[in-house]
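Spelled out from the first residue to the last, the chains are:
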Amino acid sequence: MVAQPHYIREYNRLLRNLRKTSASETETFERAVGGGFKATGATQAKLILGLAPQAPFHLIDVGCGSGRLAYALRNEERVSYTGFDILPDLIGHAEKVCERPDWRFDAIYSLALPIEDDAGDMIVFMSVFTHLKPDEIKTYLSEAVRVLKPGGRIVASYFDADDPQHAKLFPPAPVQYLARILGRDVLRVRLKRKDLETWMRDAGVVVEQALTQGPLTQHVMIARKPSTAEQNGQAQL
Ligand SMILES: C[S@@+](CC[C@H](N)C(=O)[O-])C[C@H]1O[C@@H](n2cnc3c(N)ncnc32)[C@H](O)[C@@H]1O
């Protein structure tokens, strides 16, 4: 039997455990994405809308969870939206609370995104790279470049290995290891900004900025897929 990837195995166990200690399914689904459903979602939405084109645009939200970001964007007519997550129950909740039948919500079980090339104007990974290993992040970045239109943006939040405030949010390694074994937590990682920048560049995008003082607890890296002219060498990057 093929072993399940750690993110599927651990997130499903975490969800089972959250169910045992939550008063309702809604509470379970909101806790599964870290809580702060409305407030954090609104902050994420403000960030995304500030970086998005003014014209209608297609947002791909990888690891959308129970719809924290999607819910905050649900009244934005200019947004067309595709959300992917590994937990079908969370996806179902997101779909239900957003009430946007024109939006797509789909479960995925690997790091391949079931969407065509050049489909999105922006792809976001909010608090997703915080749960993946370097090779998995690199795979997602190459998928992101494939599914973005030329000129489209990647927005990824992460815990920074060099930020002492982030260090305080991480329990000692043995405690975290035990929590994972018991199904009470999932893999959590802090990344070096330079590593993430290198992986982004290797995937073929131009790193525009890393927000280190933003409104979110995590840092946010923003990168852009070169335009067609840039790809053809007709413009300076
Ligand atoms: C901390 S939550 C953040 C959810 C959402 N992005 C937000 O900010 O509200 C992490 C989410 O990533 C999902 N996830 C974990 N590994 C994943 C993977 N390999 N591909 C897609 N989603 C994943 C989890 O199921 C969970 O919903």
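Treat the numbers as computed from the prediction; the structure is a model and nothing was measured. (Residues numbered from 1 in each chain as written. Predicted model: local features only at pLDDT ≥ 70, side-chain atom pairs only at ≥ 80, totals over all residues. Heavy atoms only, no water.)

**Remarks on a nonpolar patch on the surface**
Point 1. Residues Tyr177, Leu178, Ile181 and Leu182 make up a contiguous nonpolar surface patch of about 410 Å² in total accessible area.
Point 2. Tracing the chain through its elements places Leu182 in the loop between helix H8 (173-181) and strand S6 (190-191). (Patch = residues over 30% accessible without salt bridge, like charges linked within 9 Å, V, L, I, M, F, W, Y side chains within 5 Å. Areas by Shrake-Rupley, 256 points an atom, 1.4 Å probe, with all protein chains shown as cover. Salt bridge = Lys/Arg side-chain N within 4 Å of Asp/Glu carboxyl O. Helix = DSSP H or I, 4+ residues; strand = E, 2+ residues; numbered from the N terminus.)

**Notes on the site of the ligand**
Point 1. Of all residues adjacent to the ligand, which total 19 residues, the nearest are Gly63, Arg68, Asp85, Met126 and Tyr140.
Point 2. Within the side chain of Gln44, one N or O atom sits 2.9 Å away from an oxygen atom of the ligand.
Point 3. Arg68 is positioned with one of its side-chain polar atoms (N or O) 2.7 Å from an oxygen atom of the ligand.
Point 4. Relative to its unbound accessible area of 590 Å², the ligand is 98% covered by the protein chains.
Point 5. Placement of the ligand is best described as lying within the largest pocket. (Near = heavy atom within 4 Å. Polar contact = N/O pair within 3.5 Å; in protein donor to acceptor, adjacent residues only side chain to side chain. 1 Å grid on protein atoms, 1.4 Å probe; cavity = no way out; pocket = protein on both sides within 12 Å on 5 of 7 lines; lining within 4 Å. Sits in = over half its atoms within 2 Å of the grid points.)

**Digging into the layout of surface pockets**
Point 1. In this structure, the largest pocket spans a volume of roughly 900 Å³.
Point 2. In terms of lining, the largest pocket is formed by 41 residues, of which the most central are Val33, Arg68, Met126, Ser127 and His131.
Point 3. Secondary structure elements with two or more residues in the lining of the largest pocket: helix H1 (6-20), helix H2 (25-32), helix H3 (37-51), strand S1 (57-62), helix H4 (68-73), strand S2 (79-85) and strand S5 (148-160).
Point 4. At 4 residues, H1 tops the list of elements feeding residues into the lining of the largest pocket.
Point 5. Across the lining of the largest pocket, the residue classes tally to 23 nonpolar, 11 polar and 7 charged. (Points joined across faces, edges and corners; volume = space filled by probe spheres on them. Nonpolar A, V, L, I, M, F, W, Y, C, P; charged D, E, K, R; others polar.)

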